[in-house]
Amino acid sequence: MISLGVLTTYIAVVLGLMVIPGPATLLTLARAVSDGRRTGLATGLGIAVGDLFHTMMATFGLSALLATSALAFEIVKYAGVAYLIYLGFKAFREKAEILDMLTAQSMTPMRAFRQGFFTEILNPKTALFFLAFLPQFIHPESGSVIGQFALLGAIFVGLSICVTSLLAVGAGSISGWLRRHSKVGRWQGKIVGAIYMAVGLRLALQQQ
């Protein structure tokens, strides 16, 4: 259904974005450091379920769009390329972010799950990212569009759970390493920006 080359590229890009310290990464680490591994794991799971929600919304919305008009779907894909490149430039030019592991009030695993979930689903930037990112790896000629979306979404959520679980388990040593290597914050935006721009430019050239 989806070629091995496309899947490999997709997984590499998703992992690259997930392992760079970002809001989801720092929230998971902060909760695990403050309240232990279980709370950190619950936070990561909540974030992953939020990602699943955005995947479902993108899947049904964009699949319906494709069923209505192939041209409209192509327009959305090109708009997504432009948005990814815009995100790349914006992230690249942002000032260094301080990787401050803030210890908030103590929180139970259930509350941490809800916090991670609602933080993710109520973030409009996350919704826009899914709408821009997922269509770039969808090829209608390769079979069921809904099936392709479902596969990509399942991979994204699965990787999210794996990465946040590893972060929660190793929270103490990871947060300590981030504190000792404050220069990571200076390069965070540049690395994320480079990934966004590379994906956007590659897909734009590939689609011409």
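Residues numbered from 1 in each chain as written. Predicted model: local features only at pLDDT ≥ 70, side-chain atom pairs only at ≥ 80, totals over all residues. Heavy atoms only, no water.

**Describing the overall build of the protein**
Each helix and strand counted, the protein has nine helices and zero strands in total. When the helices and strands of the protein are read in sequence order from the N terminus, they spell out α-α-α-α-α-α-α-α-α. Considering only contacts in the protein between residues 6 or more positions apart, those separated by 24 or more positions represent 85%. With an accessible surface of roughly 10,800 Å², the protein has 70% of that area assigned to carbon and sulfur atoms. (Helix = DSSP H or I, 4+ residues; strand = E, 2+ residues; numbered from the N terminus. Contact = heavy atoms within 4.5 Å. Areas by Shrake-Rupley, 256 points an atom, 1.4 Å probe, with all protein chains shown as cover.)

**Focus on the nonpolar core**
One finds Tyr 10, Phe 133, Leu 134 and Leu 152 to be the most contacted residues of the largest nonpolar core, which totals 34 residues. For this core, the secondary structure elements donating two or more residues are α1 (4-19), α2 (23-35), α3 (37-68), α4 (70-93), α6 (124-133) and α7 (145-169). If near-sequence neighbours (up to four positions away) are discounted, Tyr 10 is found in contact with Phe 133, Leu 134, Phe 137, Leu 152, Gly 153, Ile 155 and Phe 156. (Core = buried A, V, L, I, M, F, W, Y, C linked by side-chain atoms within 4.5 Å. Buried < 20%, exposed > 50% of the residue type's maximum accessible area, 1.4 Å probe, protein only.)

**A word on the side chain of Thr 43**
Within the secondary structure, Thr 43 sits in helix α3. In contact with Thr 43, other than residues within four places in its own chain, are Leu 27, Thr 28, Arg 31, Ala 112, Phe 113 and Gly 116.

**A closer look at the environment of Asn 123**
Within the secondary structure layout, Asn 123 lies in the loop between α5 (109-121) and α6. In this structure Asn 123 comes out as partly exposed when scored by relative accessible area, which is 29%. Separated by 73 residues in sequence, Asn 123 and Gly 50 have C-alpha atoms that sit 9.8 Å apart.

**A few points about the packing of aromatic side chains**
The description of an aromatic ring pair uses the distance of the two centres, along with the angle that the planes make with each other. All chains considered together, the criterion is met by seven aromatic pairs. Ring centres of Tyr 10 and Phe 137 lie 5.1 Å apart, and the angle between their planes is 75°; on these two criteria the pair is classed as edge-to-face. Highlighted residues: Tyr 10 in helix α1 and Phe 137 in the loop between α6 and α7, separated in sequence by 127 residues. On the accessibility criterion, Tyr 10 (0% relative accessible area) is buried. The structure contains a cluster of three or more aromatic residues connected by ring pairs, namely Tyr 10, Phe 129, Phe 130, Phe 133, Phe 137 and Phe 156. (Phe/Tyr/Trp six-rings, centres within 6.5 Å; stacked < 30°, edge-to-face > 60°.)

**Focus: the confidence of the model for the protein**
Of all residues in the protein, 75% have pLDDT values of 70 or greater, and the mean over the chain is 76. Mean pLDDT in the protein bottoms out at helix α8 (residues 171-180), which sits at 59, and peaks at α5, which reaches 88. (pLDDT = per-residue confidence, 0-100.)

**Remarks on the environment of Gly 44**
Note on placement: Gly 44 falls in helix α3. Sequence separation between Gly 44 and Ala 112 is 68 residues, and the spatial gap between their C-alpha atoms is 8.8 Å.

**Some details on a nonpolar patch on the surface**
Together, Leu 52, Phe 53, Met 56, Met 57 and Phe 60 make up a nonpolar patch on the protein surface, roughly 470 Å² of accessible area in all. The topology assignment puts Met 56 in helix α3. The class for Met 56 is partly exposed, based on a relative accessible area of 39%. (Patch = residues over 30% accessible without salt bridge, like charges linked within 9 Å, V, L, I, M, F, W, Y side chains within 5 Å. Salt bridge = Lys/Arg side-chain N within 4 Å of Asp/Glu carboxyl O.)

**Details of the side chain of Thr 39**
Looking at where Thr 39 falls in the secondary structure, it is placed in helix α3. In contact with Thr 39, not counting residues within four places along its chain, are Arg 31, Met 107, Thr 108, Pro 109 and Ala 112.

**Looking at the packing of α2 against α7**
Viewed as axis vectors pointing N to C, α2 and α7 meet at an angle of 35°, and their least axial separation amounts to 8 Å. For the pair α2 and α7, the sense of crossing is right-handed. Across the interface between the two elements, Thr 25, Thr 28, Leu 29 and Ala 32 of α2 pack against Thr 164, Leu 167 and Ala 168 of α7. The class makeup of the residues in the contact of α2 with α7 is four nonpolar, three polar and no charged. (Axes fitted to C-alpha atoms, helices over the stretch in contact; angles between N-to-C directions. Left-handed = near helix turned anticlockwise from the far one by under 90°. Nonpolar A, V, L, I, M, F, W, Y, C, P; charged D, E, K, R; others polar.)

**A word on α6**
Those residues of α6 that sit buried are Thr 126, Phe 129, Phe 130, Ala 132 and Phe 133. Angularly, the buried residues of α6 cover 165° about the axis, an arc narrow enough to put them on a single face. (Arc of directions from axis to C-beta.)

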